[in-house]
Structure formats: C-alpha cells, structure tokens
Amino acid sequence: MKLKSLRRVGALGLAMTFAVASMGACGKKKTAEKTEDGTKIKDFTMFCAMPKAEINANNDIKEIIAQKIGARCKESWLTGQSDAEAIGTIIASGDYPDFINGGDAMMQLYDEGALIAWDDYIDKYPNIKEMYTPEEWDMFRQADGHIYWANVFQNTYGESKATTHNDEAFWIQARVLEWAGYPKIETLDEYFDVLEKFAAANPEFEGAKTIPYTMLCEDWRYFCIENAPEFLDGYSNNGSVIVDSSDMNNPKIVDYNTTPTAEKYFRKLNEEYAKGIIDIEFATQTYDEYIAKLSTGAVLGMCDQWWDFAFNVNDVLKTQGLDEKGCNYVPLGLTIEKGMENRWHTYDDTLNNSSGVAITKSCKDVDGAFKFMNDLLDQEIHDLRFWGVEGTDYLVDENGLYYRTEEMRKNWANAEYKAKHVCDYGYFPQWGGTSRDGKNAMMPTEQPSEFMDTLATPLRKCFEAYGVTTYPEMIGSVNEHNAPWFPMYSYSNSMTTATKGGVAWVKMGEVKHEWLPKVVMAKDFDSSWADYMKKYNSCKPEDFLAEMQAELLRRAGK
C-alpha cells in the first residue's frame, strides 16, 4: 500500500541523520578508527521504526564491541511519525541506511525493491543460520521466493529461562493488590472494582491525581484498547483474529470485534469512563505522554504489552525509588467470566515473519553487514550487549554464575549511564534462554537469582502472597504449545491492498481507530455501538475473514 502523502521534511531529516551518522556526532570523529590489531573499523547505519533513546556516539560498550569485531552501527529511531510514514519518507528520499527494521511497514520496502535477499548469505554465517530451522527460514520467504529479513525476538537458545511476561495483559500496581489484601482477580468486573475502591481511598499519589486506568490509542498502538476481547474469551494472541480450534481438524476464523464479549468489554469501558475511572485524556494522549504518566506511579492499571511500556517505565520507577513504593505493574490473566482458562501468556517462541531486520540496497558492504550481525551473536559479544562489562556491570560467583550488585542494577536503570555506557543493539539478532556455557541466562532479566534479587520489596511480597516466583506464574495461563498456524497476525501484518481482504483489513483498522474511543466516551453506548457496527460492517470484514480462513487452512495443512 502506498502512502497518499509524504512528509518532505521528515524524509530530509532522516536522510541527514544517516549522512551525519557516517561522520559521527556533529561531524567529529570521537570514536576509534581501528581495532587493536590495526584493522579499520567499519561503520554502518540503521533505522528502526520504533521509538528508543539514542546512545552517545562514543558509547563505552559500543566501542568495546567495535574493537573486538571491527564494526559498529549508528542506530536511528522513530520520532514523531508512524512506522508507515517514516518508511515512506525514507523511500521518497531514496537515501537508505545500511540496516532497516520497518515494523509493520516492511512490505513497503519489499514492494519498492529496497532490500537485499539473504539467500546467498545465510549459510556463510553460522550464528545467523542457527537462529531458525530450515523450515522456519522458509517461512520468511516472500512472493518472489527469497528471504529479505529475520525477526530478532522470541528466539530461545537451549533451555528457556523466561521470568517475565513479555506479552499483553491487564496490569495492576503491586501497591493496589497489597492494599486490597491480595485478592484473586479473575474477571474484568473484579479488576475495575479493585481499581475503583483503591482510587476512592487514595485520590492522590506523590502530589499527583490518581488515574485508576488509562489506555493508549495512538497510531498502531491502539491495540491497547482494541484486541482485549480475544483474550477475555480465553484465546491466545493470534492478534487480528480468534482461531477456534475446538475441532482441530476444522479450525475456524472468528472475528473478535463482533463477539458478545467485545460488546461487553466496550460497554464496561464506557461505564468506567462515565464514572471518571478511565483517564479523560486517553483518546488523545501520545505514547510519550502515556509513558510519562505511568512513570509517575499515579496510574493504577492499563492493558498493554510488556515490551511496550516496561523497558521505559520500570527504569524510571527504580531511579525515582517508586518501585519500593509498590508502583511496578504485575499482570492479571482476566477473562470475561469466572472459571475460564486464559491464554494471555505464550510459552513457546513466537515466529513473527512479517517484520525484522533487513539490509538495504544502499549498503556498500553486504558481506560486512552480515558479518556484523553474525558477530553480535558470538557469546562474548552477546554478554557485552546484555550483561555489560565484567567487574563493572556484573560479577561472577564461585559457580560461574553472573550476578549484579544493587549499584550495578541502578546504573543500568539510569538513562544517562545507559546513553554513555550501554549498547545492546536491541533490534539486531539476539537470544533468550541459556548461555552457551550452560549455566547463565542470555538475558539478565531471565537469570533466576538475578530476577529475584532485582524485585522490589512490594513485588517480592506480592509474589509470595500469590505463591508464585515469576510473572508467567502470576498470570496463570494454560501452558500449551503453539498451533502450526500461530500467530495469524504474521499474515495479516503483511497484507496489502492488492487483495480484497487486504483492502478490508485497512478499512477495518481505520474504522476501529476512529470509532472505539468514541464508543468508550459515548453518552449513549447502545446507539454508538450500533453506529460503529454499521460502519464496521461497511468495510466488508467478510473479505478479510475469508482470506484469513484460507491462510489458516493452508498453515494447518488442509
């Protein structure tokens, strides 16, 4: 799908960013030009269509890695645009970085012929090849039969050590649960009941007005309001649809936007908004404003993906000491009725082949770019990216296990320290699970002892009260393997307006984005819901559902 309009200033700005990146900050060479053995260090550029804080040009760990592998990359991030707008402006400028991750706009890059095929390179770089099985690599092939990108997340090396719930949930602050006596909260009604009572008893926090519940509706992040009905009905995160697999021989696509649960959910939000429980600014707040609110500790709950808020908010809470006041969020596996199974947590790796890191046609050293990604997966380099420098960022005990002191943890939560010292190359290939040493976790957040030591006192008390030791245990989802079609959003995310289903999908998104906030704020819910359903059905969702059904059956081998 082509964008109807392009922001010329944005295109020029991004082009200038990549030009400056090749020179270093302000055009000054502040970084080493050669490795210790005299090899010239290669400099690459990357644009990622996700927001993230920039790091310093002469970042400590970035330079250590460059000295060891002979390459580094200047990363640029999304600012003030959607992913589609940002990718559109880059395409319009014709000035591509070496690496790119377009988010949900990867197909724009593919359609423009902007990307380098991976087929002739994967076998040459064993660390890259190891990321996926041959069958999984084939799932990344596009219509022309070639592979152009690889997703860098949800890859487990060795034994899984997952301690966090990196998926969606209804979240609630630990201090709210403690105040309420650690009740068992299973349903949406019970959840809002606790929020209401706590807010009534605690109308302010640290001088700020308590916000019982907020939602994010900006751009693609409106999933925070939109897709809860599939989970509330007990289904797993197929993202764009429900898959009813009660008959495994005949799985069926179900539209979660029109189920009885969807109507009940939005009716509940409407009621809570009318009571003043839902943030009055939810419909217009930006992502940055949303994160800023969560970081104050005044927001009691929300529905969101862990990765969408935690990496920004948790560090701020820790730096301000608000984690010890119970402001960290824990996940609840809510369902629409009591006694239902929930599937909010995904236990297996999720293969999302609709996006990932790619190399563009502007890259002058394609082999060097692949080698850079390959070297980032070497265990020594991977440890530098996520654990840091031994003796400075972590220590090793007599059993060879990595751990951090409280001071080290605070450093890694400090924005200034991270900018000058930490370089995780977070949107390049990486592993979760167990280190190649067979002892340590690839990520500090998954190191069992480190995870427990990292927990603030209110979180530890919360876990003890509920008899759990990890976030997945807290949410209590059914532990099952992914079905062969999972996740269906990897197909819908790559849809274009070249098909009737793709046209319907775009129109459905536009209608939902416009109407769902209106439904929540409506004075007359029934009338507003009827108007919304009429508008929604005019998009011909049956075309989208039919295309998804065909893909479901293909993936199921039917």
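1. Quick word on the side chain of Thr-346
- Assignment of secondary structure puts Thr-346 in the loop between strand S13 (329-332) and strand S14 (357-359).
- Classification of Thr-346 by relative accessible area gives buried; the value is 11%.

2. Quick word on the nonpolar core
- Grouped together as the largest cluster of nonpolar side chains are 158 residues, with contacts concentrated most on Phe-99, Phe-170 and Ile-225.
- If we skip the residues at most four places from it in the chain, Phe-99 touches Phe-44, Thr-45, Met-46, Phe-47, Cys-73, Val-357, Ala-358, Ile-359, Ala-369, Phe-372, Met-373 and Phe-428.

3. Describing the sheet that holds strand S12 (residues 299-305)
- Taken together, the four strands give an open sheet; going across it, the order is S9-S12-S6-S13, and neighbouring strands pair in mixed fashion. The sheet is open, and its two edges are formed by strand S9 (211-213) and S13, each paired on a single side. Strand-to-strand, the axes of this sheet are offset by a mean angle of 35 degrees, without reference to chain direction.
- The strands that helix H12 (residues 287-296) touches are S9, S12 and S13; relative to S12, the one it contacts most, it runs at about 135 degrees.

4. Let's talk about the packing of helix H13 (residues 306-319) against helix H16 (residues 406-413)
- Running from amino to carboxyl end, H13 crosses H16 at an angle of 125 degrees, the nearest separation of the two axes being 8 Å. Between H13 and H16, the angle is such that the two are oblique. Seen from above, H13 lies across H16 with left-handed handedness. Across the interface between the two elements, Asp-315, Lys-318 and Thr-319 from H13 touch Glu-406, Arg-409, Lys-410, Trp-412 and Ala-413 from H16.
- Taken together, the residues that form the contact of H13 with H16 break down as two nonpolar, one polar and five charged.

5. Observations concerning the packing of aromatic side chains
- Evaluation of the coordinates by the stated rule reveals 49 aromatic pairs.
- Aromatic side chains Trp-137 and Phe-140 sit 5.9 Å apart centroid to centroid with 50 degrees between the ring planes, which places their arrangement in the tilted category.
- For Trp-137, a relative accessible area of 5% gives the class buried.
- Residues Phe-451 and Phe-463 carry aromatic rings whose centres are separated by 6.3 Å and whose planes lie at 35 degrees to one another, so their mutual orientation is tilted. Placement of the pair is Phe-451 in helix H18 (residues 448-454) and Phe-463 in helix H19 (residues 457-466), with a sequence separation of 12 residues. For the pair Phe-451 and Phe-463, a shared accessibility class is recorded, and that class is buried.
- Ring pairs connect the aromatic residues Trp-118, Tyr-121, Tyr-125, Tyr-132, Trp-137, Phe-140 and Phe-370, which therefore count as one cluster.
- Above the plane of the ring of Tyr-157 lies Arg-436, whose end atom (NZ or CZ) is 4.7 Å from the centre.
- Seen from the ring of Trp-515, Lys-518 lies directly overhead, with NZ or CZ sitting 4.7 Å from the centre.

Rules and cut-offs
- Residues numbered from 1 in each chain as written.
- Predicted model: local features only at pLDDT ≥ 70, side-chain atom pairs only at ≥ 80, totals over all residues.
- Heavy atoms only, no water.
- Helix = DSSP H or I, 4+ residues; strand = E, 2+ residues; numbered from the N terminus.
- Buried < 20%, exposed > 50% of the residue type's maximum accessible area, 1.4 Å probe, protein only.
- Core = buried A, V, L, I, M, F, W, Y, C linked by side-chain atoms within 4.5 Å.
- Contact = heavy atoms within 4.5 Å.
- Pairing = 2+ DSSP bridges.
- Axes fitted to C-alpha atoms, helices over the stretch in contact; angles between N-to-C directions.
- Parallel < 35°, antiparallel > 145°, perpendicular 65-115°, else oblique.
- Left-handed = near helix turned anticlockwise from the far one by under 90°.
- Nonpolar A, V, L, I, M, F, W, Y, C, P; charged D, E, K, R; others polar.
- Phe/Tyr/Trp six-rings, centres within 6.5 Å; stacked < 30°, edge-to-face > 60°.
- Lys NZ or Arg CZ within 6 Å of the ring centre and 35° of its normal.

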